[in-house]
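Examining the three-dimensional arrangement
Now for the letters of each chain:
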Amino acid sequence: MNEFMEKQVKLSWHAPKKGYDVVIIGGGGHGLSTAYHLAKRHGISNVAVLERSYIGGGNSGRNTTIIRADYGIPEAVKFYQRSVELYQRLEEETGRWIMHKTKGMLKLAHSEASLKTERARALMNQAFGSDTVFVTPDEVKEICPQIDLTCGGTLPVLGGSYHRTGATARHDRVNWTLAEGALQEGAHIHQNTEVTGLIMKDNKVLGVKTNQGDIEAGVVISNAGGHVSTVCGMAGLRIPIRTHPLQAYVTNHFAQTFDPIVASSDLLFYVSQTARGEMLMGAEIDRQPSYNRRSGFDLLQSCSYRAGLLLPFLKSLRINRQWAGSCDMSPDYSPIMGKTPVENFLINTGWGTWGFKAIPVSGEQMAKLVATGKTPDLIAPFSLDRFARDRTMADRGSAGTH
Amino acid sequence: MSLQITCPHCGTRPIEEFTYGEIPHVPETLTDLDARDVDRAFMLANPEGETTEAWFHVYGCRRWLKLKRDTKLDRIVE
Ligand SMILES: Cc1cc2nc3c(=O)[nH]c(=O)nc-3n(C[C@H](O)[C@H](O)[C@H](O)COP(=O)(O)OP(=O)(O)OC[C@H]3O[C@@H](n4cnc5c(N)ncnc54)[C@H](O)[C@@H]3O)c2cc1C
Ligand SMILES: [Zn+2]
C-alpha cells in the first residue's frame, strides 16, 4: 500500500480466508463499488476484492473524472443518469468528501452534422430524464467566455449541447471512500494479490488461484479493467474487448476560473479545470491495441494544437504531467455487464474511456444481480449475450472519450 | 518517436500510415455453427504479449502485411 493512501483510509489487513461468498477480481472503482453495495445494500459482506497492485492503481486513478449522462441512446441515458444522481449524494451517504462539483458540460459542434447530433442529443436526453439543452454560439460564449467562437478562423462554433448536471469528483477519493465503506461492513480487500487462474469444474467457477494461494468462491466477478480478456481467458471465455491506451495530461496553474467542462468531437478533445487550477485535457485512444501505459509527445502536440484553436489562453500554459491507462474497448462503445455462459462467473467490463462516471451505478446494479440472482432492468440491455442476439448498443458519438 | 513498420514494398514508415487488423481465429473447440459466426464477428483474443497481426498500408501501397508485435511493450518483434 502506498503511504499517502494509508493516511487517507485505514485499510485493515486481513489474512485471506479459505473462501468467500463473492470474490471480485480487480480493485478499481467498479470492483470496490460492487463490494461496497453488496455490503451496504444487501448485507453480503463475506466478500473479497483481490487487487494485484494497489487499489485505484488502474484506470480508476488515471482518468479525467468527468461525470455525465448526456449519452446518445435511451438505455445509456437512463443508466448514467442514475449514476449522476448516486454521485450527487455519495458524500452525504458516506460522510466522506469526494470533491464532487457540478460544473455543467458543453459539447460543441463545428459542422452541420455535429449540430444535428447535438440537437438530437438534447431532445433525447430530456425525454429520458437527463438535463441537456441545445445552445447557440452566443449562449456558448456566455457559459464559457474564454472560447474563441471562430476557433482561430478554422472551424467556427455553430452551437452545441449543454449538459447542466455534468460534474467532476476526485478519483482517488472515490476509490478510497468506497473501499473504506466496504471494509467497515466487513468486506476484505487484498492488495498485491494477483489472480493467476480460476478453479473450474466443467463449466462452473469454484474459486480463484492467486499468487497468495487458492481462494474458494460462491461467485466470481471480473472487474479487471483493461486486463479483462486475460481473466476471462482463464474461464475459457472469449469476449469482444480490445485494449487500447488512452492518454491525458495537465498544464500548470491557470489563474482564472474555468467553470465548465468543454468537449468537441469535431476537434477531438476535451478539457476541464482541476481543483488545483490546472487545465486537464484528453483526446482519443491510441490507434493500436496495446497494454503499454507509455504516453508520448504525439498526443501532446496534436491535442494541444486543436485545443489552442478553441481556447487561445491554453497556448500560454505549460504541460506539467502526462500519463496513460489501458482501456477495455467494446465494439459498440457500450459496457458489458452481468452473467456469462460460465456458471458463477460474472463480468463487468467494456468501460473503455468513460467508466469513471459509472462507478456508483455499476456497483449498485452488479450487487443487486448477485443478491437476487436476477439481472436488473437497468443493465439488462448491456449483457454479453447482446452480441449473439444482434442487439448491440452502438453509442460511439457519446462514449468516444471521457 | 512513434512506432515504425517495415513494409515489404515501401520500406520503413511511421505507424500512422497503417491501419490495424486482427487476424480472426475462431477456436476449434467451438462447434456450434451460430456460435462460430458470433465469435467470428465479435470475439477477440486481445492477447497480452507477443502476437501476430495484420496491418494495412492505407497511405502507401494499400496492401496488407503481417507482423509480430508485443502488446505489453507495444514493440514490433519482427
Ligand atoms: C486517461 C483516461 C481518462 C479517462 N477519463 C474518464 C472520464 O473523464 N470520465 C469517465 O467516466 N471515465 C474516464 N476514463 C475511464 C475510466 O477511468 C475507467 O473506465 C474506469 O476507471 C474503469 O474502472 P475499473 O474498475 O473497471 O478498472 P480499473 O480501475 O482499471 O481497475 C482494474 C483493476 O484490476 C486489477 N487487475 C487486473 N488484472 C488483475 C488480476 N489478474 N488479478 C487481480 N487484479 C487485477 C488492476 O490492477 C486494476 O487495479 C478515463 C480513462 C483514462 C485512461
Ligand atoms: Zn506499403
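What you see is a predicted model, and the numbers here were worked out from it, not measured in a lab.

Some words on the site of ligand 1
Residue and element names in this part refer to chain A. Taken together, 38 residues sit near ligand 1, with Glu51, Asn59, Ser60, Thr64 and Lys357 positioned nearest. At 3.3 Å, a backbone N or O of glycine 29 approaches an oxygen atom of ligand 1. Between ligand 1 and arginine 52, the relevant distance is 3.2 Å, taken from a nitrogen atom to a main-chain nitrogen or oxygen of the residue. Burial of ligand 1 by the protein chains amounts to 97% of its free accessible area of 1000 Å². Looking at the shell around ligand 1, the element that brings in the most residues is strand S13 (residues 242-253), giving 3 residues. In this structure, the shell around ligand 1 is formed jointly by two domains, domain 1 (18-63 + 171-241 + 331-399) and domain 2 (105-164 + 244-325), each of which donates at least three residues.

Considerations on helix H5 (residues 112-127) of chain A
Residues and elements named next belong to chain A. The terminal C-alpha atoms of H5, which comprises 16 residues, lie 23 Å apart, in line with the 22 Å expected from a rise of 1.5 Å per residue. Looking only at H5, the buried set comprises Ser114, Leu115, Glu118, Arg121, Ala122, Met124 and Asn125. In the segment just after H5, glycine 129 is the residue with positive phi, at about 95 degrees.

Points about the sheet that holds strand S7 (residues 159-163) of chain A
Paired through their backbone hydrogen bonds, the strands of a sheet run either parallel or antiparallel. Residue and element names in this part refer to chain A. Here 8 strands make up an open sheet; going across it, the order is S6-S7-S5-S14-S15-S16-S13-S17 and the pairing mixed. The two strands at the open ends of the sheet, each matched to only one other strand, are strand S6 (132-135) and strand S17 (319-329). Within the sheet, the average angular offset between the axes of one strand and its neighbour, ignoring direction, is 20 degrees. Where S13 lies against strand S16 (residues 278-285), 5 bridges are found, and the strand directions are antiparallel. What sits directly across from alanine 248, in S16, is glycine 282.

Some words on helix H7 (residues 171-184) of chain A
All names here are of chain A. Here H7 contains 14 residues, and its C-alpha end-to-end distance of 20 Å stays within 8% of the 20 Å for a straight helix at 1.5 Å per residue. Turning to H7, its buried residues are His171, Asp172, Val174, Asn175, Trp176, Thr177, Leu178, Ala179, Glu180, Gly181, Ala182 and Leu183. Positioned one or two residues after H7, glycine 186 has a phi angle of 110 degrees, which is positive.

Points about the packing of aromatic side chains
Within this structure, the stated rule accounts for 11 aromatic pairs over all chains. Between A:Phe254 and A:Phe313, the aromatic rings sit 4.0 Å apart at their centres with planes inclined by 15 degrees, giving stacked as the arrangement. Linking A:Phe254 in the loop between S13 and strand S14 (261-264) with A:Phe313 in the loop between helix H9 (297-310) and S17, this pair joins segments that are 59 residues apart in sequence. Measuring from ring centre to ring centre gives 5.1 Å for B:Phe56 and B:Trp64, while their planes differ by 45 degrees; the resulting arrangement is tilted. Taking the relative accessible area as the measure of exposure, B:Phe56 reaches 15% and is therefore buried. Its relative accessible area of 54% is what places B:Trp64 among the exposed residues. What links up through ring pairs into an aromatic cluster is the set A:Tyr71, A:Phe79, A:Tyr80, A:Trp351 and A:Phe382. A:Arg119 extends its terminal NZ or CZ atom over the ring of A:Phe134, reaching a point 4.6 Å from the ring centre. The positively charged end of A:Lys357 is found above the aromatic ring belonging to A:Tyr80, 6.0 Å away from the centroid.

So, the nonpolar core
All names here are of chain A. Of all hydrophobic cores here, the largest spans 56 residues; its most connected members are Phe79 and Tyr80. Taken together, the elements giving at least two residues each to this core come down to strand S1 (19-25), helix H2 (29-42), strand S2 (47-50), helix H3 (74-88), H7, strand S12 (213-222), S17 and helix H10 (359-372). Broken down by element, the residue count for this core peaks at 7 residues, all from H3. For this core, the two domains that each supply at least three residues are domain 1 (18-63 + 171-241 + 331-399) and domain 2 (105-164 + 244-325). Those residues in contact with tyrosine 80 that lie beyond four places of it in its chain are Arg68, Ala69, Tyr71, Pro335, Trp351, Trp354, Lys357 and Ala358. Ranked by size, the runner-up nonpolar core spans 30 residues in total, among them Tyr249, Val262, Met279 and Leu314.

Side note on the domain arrangement of chain A
Residues and elements named next belong to chain A. Here chain A is partitioned into domain 1 (18-63 + 171-241 + 331-399) and domain 2 (105-164 + 244-325). Using only C-alpha atoms to locate each centre, domain 1 and domain 2 end up separated by 30 Å. Contacts between the two partners involve 11 residues from domain 1, matched on the other side by 9 residues from domain 2. When the two sides are added together, the surface that domain 1 and domain 2 hide from each other amounts to roughly 800 Å², 46% of it contributed by carbon and sulfur. Inspection of the domain 1/domain 2 interface yields 2 residue pairs in polar contact (both at pLDDT 80 or more). Residues belonging to the side of domain 1 that touches domain 2 are distributed by class as follows: no nonpolar, 9 polar and 2 charged.

Procedures and definitions
Each residue is numbered by its place in its chain's sequence as written, counting from 1. Labels are handed out in written order, letters beginning with A for the chains and numbers beginning with 1 for the ligands. Totals for whole chains, interfaces and linings use every residue, but because this is a predicted model, local features are given only for residues with pLDDT of at least 70 and side-chain atom pairs only at 80 or more, for both listing and counting. To get the side-chain values, take all heavy atoms of the structure and skip hydrogens and water. Neighbouring residues are identified by heavy atoms, a residue being near a molecule or strand if any of them is within 4 Å of it. Pairing of N or O atoms within 3.5 Å defines a polar contact, subject to two protein rules: one partner must be a possible hydrogen donor and the other a possible acceptor, and residues neighboring in sequence count only if both atoms are side-chain atoms. Calculation of accessible area relied on Shrake-Rupley with a 1.4 Å probe; when residues are assessed, cover is drawn exclusively from the protein chains displayed. By the criteria applied, helices consist of DSSP H or I runs no shorter than four residues and strands consist of E runs no shorter than two, each listed in order from the N terminus. Domain ranges listed in this record stem from an automatic or a database domain assignment. Multiplying one less than the number of residues by 1.5 Å gives the expected span of a helix. Burial classes: relative accessible area under 20% of the type maximum marks a residue as buried, over 50% as exposed, and values in between as partly exposed (1.4 Å probe, protein chains only). Strand pairing is defined by DSSP finding a minimum of two bridges between the two strands. In this analysis an axis means a line fitted to C-alpha atoms, helices contributing only their contacting stretch, and an angle means the value between N-to-C directions, from 0 to 180 degrees. For Phe, Tyr and Trp, rings pair up if their centres lie within 6.5 Å, where Trp contributes its six-membered ring, and each pair is then called stacked (planes under 30 degrees apart), edge-to-face (over 60) or tilted (otherwise). Criterion for a charge above a ring: Arg CZ or Lys NZ at most 6 Å from the ring centre, at most 35 degrees from the ring normal. Throughout this description, the term nonpolar core refers to a set of buried Ala, Val, Leu, Ile, Met, Phe, Trp, Tyr and Cys residues connected via side-chain atoms within 4.5 Å. Any two residues whose heavy atoms approach within 4.5 Å at even a single point are treated as in contact. Here the buried area means the combined drop in accessible surface, using a 1.4 Å probe, for two parts upon being joined, counting both sides. Residues are grouped as follows: Ala, Val, Leu, Ile, Met, Phe, Trp, Tyr, Cys and Pro are nonpolar; Asp, Glu, Lys and Arg are charged; every other residue, Gly included, is polar.

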